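# Tertiary structure, described
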Amino acid sequence: MGNFFNRDVVSIKDFSRKDLEFIFSCTDRVASLKPHEKAELGKGRTLGYIFYEPSTRTRMSFEAAMASLGGSSIGIFDSKTASVEKGESLADTIRIMDLYSDVIVLRHPLDGSSRFAAELSKHPLINAGSGGEEHPTQAMLDLYTMLKVKKRIDGLNIGIVGDLKYGRTVYSLLYGLSNYDVTIHLISPPTLSIRKESIYEAMKDLKIIEHENLDDRILSDLDIIYVTRIQKERFPDPQEYEKVKGTYTIDTSILGRAKSDVSIMHPMPRLEEISHSIDNTENAIYFKQAAYGKELRAALLALILNERLI
Ligand code: NCD
């Protein structure tokens, strides 16, 4: 188990099962603290975020998490209003944020951007989404949600549906899941199937079965259906997007054919791939997942900012 004090969070691949389990137990611990105890963990510290791509949950949950630890946040979430618009480089933006904050949270459209930034900054850097392959804290909160709802991860049958080609949360999640004994069903149209070369190492440890349709035979086996948005902005050709949009929709008829306790997850934002008609069912856990995101990020920040947790 690694020491998390001052540690960068660039890739889920840098975290072993023991590391993840430690983060999950710290999340339980930090979540159970009284507000005034929690507010000691980040007191007087500043989180600096830089988002070169849109975000709702990731940025707000980091900000809310930092506030719950008694710290504050500063940042850029609309690069058009920052000097990035004048042509300032990522390197200079990171150098400046490094002067003003104790921990940096970065989202950027390029693969490798977070690794580059982490090498530049003296303070720890957390990857909040880089390119099409990494979103490590999303994978951590996804795994934590599975553990909280299903009480285990080993032994689960997990279906991952939608845009498996461009959805970075899927890649981080698969690497995270490769620490566990799970069966994965990947369901996507052929044009959006997983990029094998990007999950090569995870494939050695995972049982993966690919499908084009979410038919009843697969559906009745799944404990979790993790749904993803078709990543319109990452399509090189808009016409290709038009061909695949709306391919899968999880609705009451799908739920009726699935296990009665199947859990529906989504990193969000959800578009038409999950019907609003299932939002109030016990099966829909995507809002709970977003709530756990704040708890997990609070624990992660507390671990990074403190040599010892209480
Ligand atoms: C995801 C992302 O940015 O990759 N958002 C998130 O952080 N929950 C998913 C998405 O945009 O579809």
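Our subject is the structure listed above.
Below: a short report on this structure. (Residues numbered from 1 in each chain as written. Predicted model: local features only at pLDDT ≥ 70, side-chain atom pairs only at ≥ 80, totals over all residues. Heavy atoms only, no water.)

### Observations regarding the sheet that holds strand S2 (residues 72–76)
Quick note on the threshold: Strands were regarded as paired on the criterion that DSSP finds at least two bridges between them. Here a helix means four or more residues in a row that DSSP labels H or I, a strand means two or more in a row labelled E, and each is numbered from the N terminus. Axis definition: a line fit to C-alpha positions, over the contact stretch in the case of helices; interaxial angles, taken between N-to-C directions, run 0 to 180 degrees.
The strand order S2-S1-S3-S4 describes an open sheet built from 4 strands, whose pairing is parallel. On the outer flanks of this sheet lie S2 and strand S4 (125–130), each paired with one strand and no other. In this sheet, adjacent strand axes meet at a mean angle of 15° when their direction is disregarded. The sheet contact formed by strand S1 (residues 46–51) and strand S3 (residues 103–108) spans 5 bridges and is parallel. Pairing of Tyr49 across the sheet is with Val105, part of S3.

### Here's the deal with the packing of helix H1 (residues 17–31) against helix H6 (residues 136–150)
Inclusion rule: Oblique is the label for any angle not under 35 degrees, not over 145, and not in the 65 to 115 range, which are roughly parallel, roughly antiparallel and roughly perpendicular in turn. It is the rotation of the near helix from the far one that decides the hand of a crossing: anticlockwise by less than a right angle makes it left-handed, clockwise makes it right-handed. The contact criterion used is simple: two residues touch if any of their non-hydrogen atoms lie within 4.5 Å. For this classification, Asp, Glu, Lys and Arg are treated as charged, while Ala, Val, Leu, Ile, Met, Phe, Trp, Tyr, Cys and Pro are nonpolar and the rest, including Gly, are polar.
At a minimum axis distance of 11 Å, the contact between H1 and H6 shows a crossing angle of 65°. Our classification of the angle between H1 and H6 gives roughly perpendicular. Once H1 is placed against H6, the crossing between them reads as right-handed. Between H1 and H6, the contacting residues are Leu20, Ile23, Phe24, Thr27 and Asp28 on the first element and Met140, Leu143, Tyr144, Leu147 and Lys148 on the second. Residues of the contact of H1 with H6, tallied by class, amount to 7 nonpolar, 1 polar and 2 charged.

### Topic: the pairing of S3
Filter applied, for reference: Residue burial is assigned from relative accessible area. The probe radius is 1.4 Å, only protein chains are included, and a residue is buried under 20% of its type maximum, exposed over 50%, and partly exposed in between. When the strands point away from the viewer, a crossover counts as right-handed if the route from the first strand across the helix to the second turns clockwise.
Among the 6 residues in S3, 6 count as buried, and that is most of the element. What you see with S3 is no split at all: Val103, Val105 and Arg107 on one side and Ile104, Leu106 and His108 on the other are buried throughout. As paired strands, S3 and S4 are joined by 4 bridges and run parallel to one another. In the sheet register, His108 faces S4, and the bridge partner there is Ser130. Handedness of the crossover joining S3 and S4 through helix H5 (residues 113–120): right-handed.

### Some words on the packing of aromatic side chains
Just so we agree on the cut-off: Each Phe, Tyr or Trp ring, with Trp reduced to its six-membered ring, pairs with another whose centre is within 6.5 Å; inter-plane angles below 30 degrees give stacked pairs, above 60 give edge-to-face pairs, and intermediate values give tilted ones.
Scanning all chains against the criterion turns up 8 aromatic pairs. Ring plane angle 40° and centroid distance 5.8 Å describe the contact between Phe24 and Tyr144, whose orientation is recorded as tilted. In this pair, Phe24 sits in helix H1 while Tyr144 sits in helix H6, placing the two residues 120 residues apart along the sequence. Grouping residues by exposure puts Phe24 and Tyr144 together as buried. Members of the aromatic cluster, connected to one another through ring pairs, are Phe4, Phe15 and Phe22.

### Remarks on the sheet that holds strand S6 (residues 183–187)
Pairing is parallel across the open sheet formed by 5 strands, whose spatial order is S7-S6-S5-S8-S9. Strands with a single pairing partner mark the edges of an open sheet, and in this sheet they are strand S7 (207–211) and strand S9 (263–265). This sheet shows a mean twist of 20° between the axes of neighbouring strands, independent of strand direction. Looking at chain direction, strand S5 (residues 157–161) and S6 are connected through 5 bridges and run parallel. When the bridges of S6 are listed, Asn157 appears paired with Thr183.

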